[in-house]
Amino acid sequence: MDRFKICFLAAIFSLIQLGFAFYLPGSYPHKYEVGDYLNVKVNSLTSIETEMPFSYYSLPFCQPSEGIKDSAENLGELLMGDRIENSPYRFKMFKNESEIFLCQTEKLSGDGFKLLKKRIDEMYQVNPMLDNLPAIRYTKKDGYVLRWTGYPVGIKVQDVYYVFNHLKFKVLVHKYEEAANVARVMGTGDAAEVIPTMGKSKDSDVPGYMVVGFEVVPCSFAHNADSTKKLKMYERYTTPIKCDSTSVSMSVKEGQSIVFSYEVSFEESDIKWPSRWDAYLKMEGSKVHWFSILNSLMVITFLAGIVLVIFLRTVRRDLTRYEELDKEAQAQMNEELSGWKLVVGDVFRAPSNPSLLCVMVGDGVQILGMAVVTILFAALGFMSPASRGTLITGMLFFYMILGIAAGYVAVRLWRTIGCGEHRGWMSVAWKAACFFPGIAFLILTTLNFLLWGSHSTGAIPFSLFVILILLWFCISVPLTLIGGYFGARAPHIEFPVRTNQIPREIPAQKYPSWLLVLGAGTLPFGTLFIELFFIMSSIWMGRVYYVFGFLFVVMILLVVVCAEVSLVLTYMHLCVEDYKWWWKSFFASGSVAIYIFIYSINYLVFDLKNLSGPVSATLYLGYSLFMVLAIMLATGTVGFLSSFWFVHYLFSSVKLD
């Protein structure tokens, strides 16, 4: 019950905090005076081979004397599987220490030994943090310096397992610079209490420092177990410890205990507080982003220019030619109509499954709006990687708020298709509120059972499940119904031409129309696939994704291309007298999701080839399916709305009886 209360309060606080304030990178420095304690925290153990996080204390590591305590968690952290806990590692500001004894574990049992070997084989990483900064590790390979966050649990050399039991920390600090009216933080950033500074504080004359860097070098050192029996935590080890990251000596054996130790050094750095995340965000691929965007932009602009010029000239020529004729000539021309003009009495005939189409378009508007707003806020710096979980929390918050838009669009489209009929709007609004969240809930529940069975911290706690259901039915559903109410009251869009009672027979086509619809998704995919690699690497390879400005530009290009592709395809179908354009316009642009899913399988086979076990592969494919469904609804909605506007504009420009 206490867990439920904590999760519920964390969820509500996260959403309220997101609604009224955002974390601006570098705006909340913490001042540490010389001698103040710095406490290291630990996140879940992670691996790119299994994609299943586990608790740090699931392995035989030293535990803090005051007991294990969870840090304040927001909703996004819980959904991402982050479990931040305290650790026994602690430093004193600007006090170098070496050969610090931490603890000697109990003798490894058979099960404990097997689990430790398994985690080493699966390349699990330990993720310590100091002042909200993840530990960074530098390695050299082929003359290049590689950056990693965290350090491996251990290593296997010639069938012998070694554990990294000695850590060499380096803390980079910068002199504290206090300015008037700048918020100070009393805390580490996980549960920060913000105090506005109206003037000069009492302790402003006391020299202080800010943490601007946190580095770690893991070592495997064979301690003398007999000499550590009488040592207590934080006492100095009796003999010098040589930390050599290129050699290993602490082998792991069943029935043997492990001794842990550490050392820490402080170094004053020129790095300022706002720039302390630069080491994590340095990405040599930034030129690739610019090249891919400029290349896509030129190709898309060129193709769109050709398509639009030909397309607009053709339509305009037909309309201008028709309008210049007198009434007798128009009547004669009506008898000789061909192409899109022949389907004037059927073009607005209601599609099959109209309620499903309305629901999918409404949910697509909601997802697209959430994506645009979230990426825009992230691009402006309101969702820094320093504030873990904010991105997921923001997406959930904006998705619930935009339920109003989903209900409004779905119900108004339903009334438009029904020529103003009010009946059934409540059912459509309910379906819009439950369609996509219901499918997502089903997928996530299935995957969660797999994580529960593996005892992974990535499993969503049952209490959080209850909270998500409450947020769904107490906030999202009512807002969607409110949007549906306004959609029912709004005037429906009137069709410019009448629909015949008897449907027109569609001529036999030379090629299957659905084949053309499925092929249309290749062009939108071409604008997205390079950026998709970076996004997939961020999700599955543990890399920090921060180039939301690039992503926002790519999203705008994607929306434009989806609209153009769907619009052109709709015109092509109308020209061959195929008036069933409603669903085809949706899937013409929505078919990009098929290619994204194929790309996801390709990424699994070639980039995540080390992914081990059927459970990990099932998790990957399940989350990919969830992502692809959301993309299909968003892109399909763009294509449908653009085609609807075009068809309405086309047939309102000319009156054919």
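Residues numbered from 1 in each chain as written. Predicted model: local features only at pLDDT ≥ 70, side-chain atom pairs only at ≥ 80, totals over all residues. Heavy atoms only, no water.

In the annotation of an unreviewed UniProt entry, the entry for the protein chain reads Transmembrane 9 superfamily member, and the organism field reads Brassica rapa subsp. trilocularis.

**Here's the deal with the overall build of the protein chain**
Helix and strand counts for the protein chain stand at 17 helices and 16 strands. Residue burial in the protein chain is summarised as follows: out of 657 residues, 50% are buried. Restricting to contacts in the protein chain with at least 6 residues of sequence separation, those with at least 24 account for 83%. Approximately 31800 Å² of the protein chain is accessible, and the part contributed by carbon and sulfur atoms is 63%. (Helix = DSSP H or I, 4+ residues; strand = E, 2+ residues; numbered from the N terminus. Buried < 20%, exposed > 50% of the residue type's maximum accessible area, 1.4 Å probe, protein only. Contact = heavy atoms within 4.5 Å. Areas by Shrake-Rupley, 256 points an atom, 1.4 Å probe, with all protein chains shown as cover.)

**Re the nonpolar core**
Formed by 74 residues in total, the largest nonpolar core has its most connected members in Val347, Trp582, Phe640 and Phe651. Those residues in contact with Phe651 that sit more than four places away from it in its chain are Trp340, Val343, Val344, Val347, Phe348, Pro496, Val497 and Leu574. Membership of the second largest hydrophobic core comes to 55 residues, among which are Val40, Leu59, Leu167 and Phe266. (Core = buried A, V, L, I, M, F, W, Y, C linked by side-chain atoms within 4.5 Å.)

**Structural notes on the pattern of salt bridges**
Throughout the structure, instances matching the rule amount to 10 salt bridges. Two residues, Glu99 and Arg236, come together in a salt bridge whose shortest N-O distance is 2.8 Å. Placement of the pair is Glu99 in strand β4 (residues 97–104) and Arg236 in the loop between β15 (208–219) and β16 (259–268), with a sequence separation of 137 residues. Judged by relative accessible area, which is 11%, Glu99 ranks as buried. Take Arg236: its relative accessible area is 53%, and that puts it in the exposed class. (Salt bridge = Lys/Arg side-chain N within 4 Å of Asp/Glu carboxyl O.)

**Comments concerning the pairing of strand β5 (residues 125–130)**
The buried count for β5 comes to six of six residues, which makes it a mostly enclosed element. Where strand β2 (residues 37–46) meets β5, five bridges bridge the pair, whose relative direction is antiparallel. Its bridge partner being in β5, Val40 is matched across the sheet by Leu130. Sheet topology places β5 next to strand β9 (residues 151–152); two bridges connect them, and they run antiparallel. Bridging from a neighbouring strand, Val126 pairs with Tyr151 of β9. Examined bridge by bridge, β5 and strand β6 (residues 133–134) share two bridges and lie antiparallel to one another. Counterpart to Leu130 in the pairing with β6 is Leu133. Linkage of β5 to β6, two consecutive antiparallel strands, is achieved through a turn of two residues, within which Asp131 is found at a positive phi near 50 degrees. (Pairing = 2+ DSSP bridges.)

**Examining the packing of aromatic side chains**
For the structure shown, the criterion picks out 41 aromatic pairs. Relative to Trp472, the ring of Phe441 lies with its centre 6.1 Å away and its plane at 45 degrees, an arrangement referred to as tilted. Of the two residues, Phe441 sits in helix α10 (residues 425–453) while Trp472 sits in helix α11 (residues 462–489), which places them 31 residues apart along the sequence. By relative accessible area, which is 29% here, Phe441 ends up partly exposed. The class of Trp472 is buried, set by a relative accessible area of 14%. Clustering of aromatic rings is evident, with ring pairs tying together Phe441, Phe449, Trp452, Phe465, Trp472 and Phe473. (Phe/Tyr/Trp six-rings, centres within 6.5 Å; stacked < 30°, edge-to-face > 60°.)

**Details of the state of the cysteines**
Inspection of every chain in the model, using the stated rule, returns two disulfides. The disulfide that involves Cys62 links it to Cys103, with 1.8 Å between the sulfurs. The disulfide joining Cys62 to Cys103 has a torsion of about -90 degrees about its S-S bond and is therefore left-handed. Within this pair, whereas Cys62 is found in the loop between β2 and α2 (75–80), its partner Cys103 is found in strand β4, the two being separated by 41 residues in sequence. Comparing Cys62 with Cys103, the two get one shared label, buried. There is a disulfide in this structure between Cys219 and Cys243, and the S-S distance comes to 1.7 Å. Because the sign of the S-S torsion sets the handedness, a value of about 60 degrees for the bond joining Cys219 and Cys243 places this disulfide among the right-handed ones. (Disulfide = S-S within 2.5 Å.)

**Let's talk about the side chain of Gln125**
With respect to the helices, strands and loops of the structure, Gln125 is situated in strand β5. Once you skip the residues sitting within four places of it in the chain, Gln125 turns out to touch Ser44, Leu45, Thr46, Arg137, Thr149, Gly150, Tyr151 and Pro152.

**Points about the side chain of Glu263**
Structurally, Glu263 is set in strand β16. Put simply, Glu263 is tucked away with no salt bridge, and the nearest opposite charge, on Lys168, sits 4.8 Å away. Side chain to side chain, Glu263 and His166 meet in a polar contact 2.8 Å long. Residue contacts for Glu263: discarding those within four places in its chain leaves Glu97, Ser98, Glu99, His166, Leu167, Lys168, Phe169, Ile241 and Cys243. (Lys, Arg positive; Asp, Glu negative; His and termini not counted. Polar contact = N/O pair within 3.5 Å; in protein donor to acceptor, adjacent residues only side chain to side chain.)

**Quick look at the pairing of β16**
β16 sits mainly inside the fold: seven of its 10 residues count as buried. In this sheet, β16 lies alongside β4 in antiparallel orientation, the contact comprising five bridges. Among the inter-strand pairings, Ile100 is bridged to a residue of β16, identified as Tyr262. When strand β12 (residues 166–175) meets β16, the two strands line up parallel, connected through eight bridges. Residue pairing across strands places His166 opposite Ser261, the latter belonging to β16.

**A look at helix α14 (residues 548–575)**
With 28 residues, α14 extends 40 Å between its outermost C-alpha atoms, agreeing within 8% with the 40 Å of an ideal straight helix rising 1.5 Å per residue. Two residues or fewer after α14 comes Glu577, characterised by a positive phi angle close to 65 degrees. (Expected span 1.5 Å × (residues − 1).)

**Description of unusual backbone geometry**
Look at Met123: it is not a glycine, yet its phi comes out positive at around 60 degrees. Tracing the sequence through the fold places Met123 in the loop between α3 (110–121) and β5. Assessed through its relative accessible area of 46%, Met123 is described here as partly exposed. The phi dihedral of Asn353 is positive, around 50 degrees, even though this residue is not glycine. Here Asn353 shows up in the loop between α6 (327–335) and α7 (354–379).

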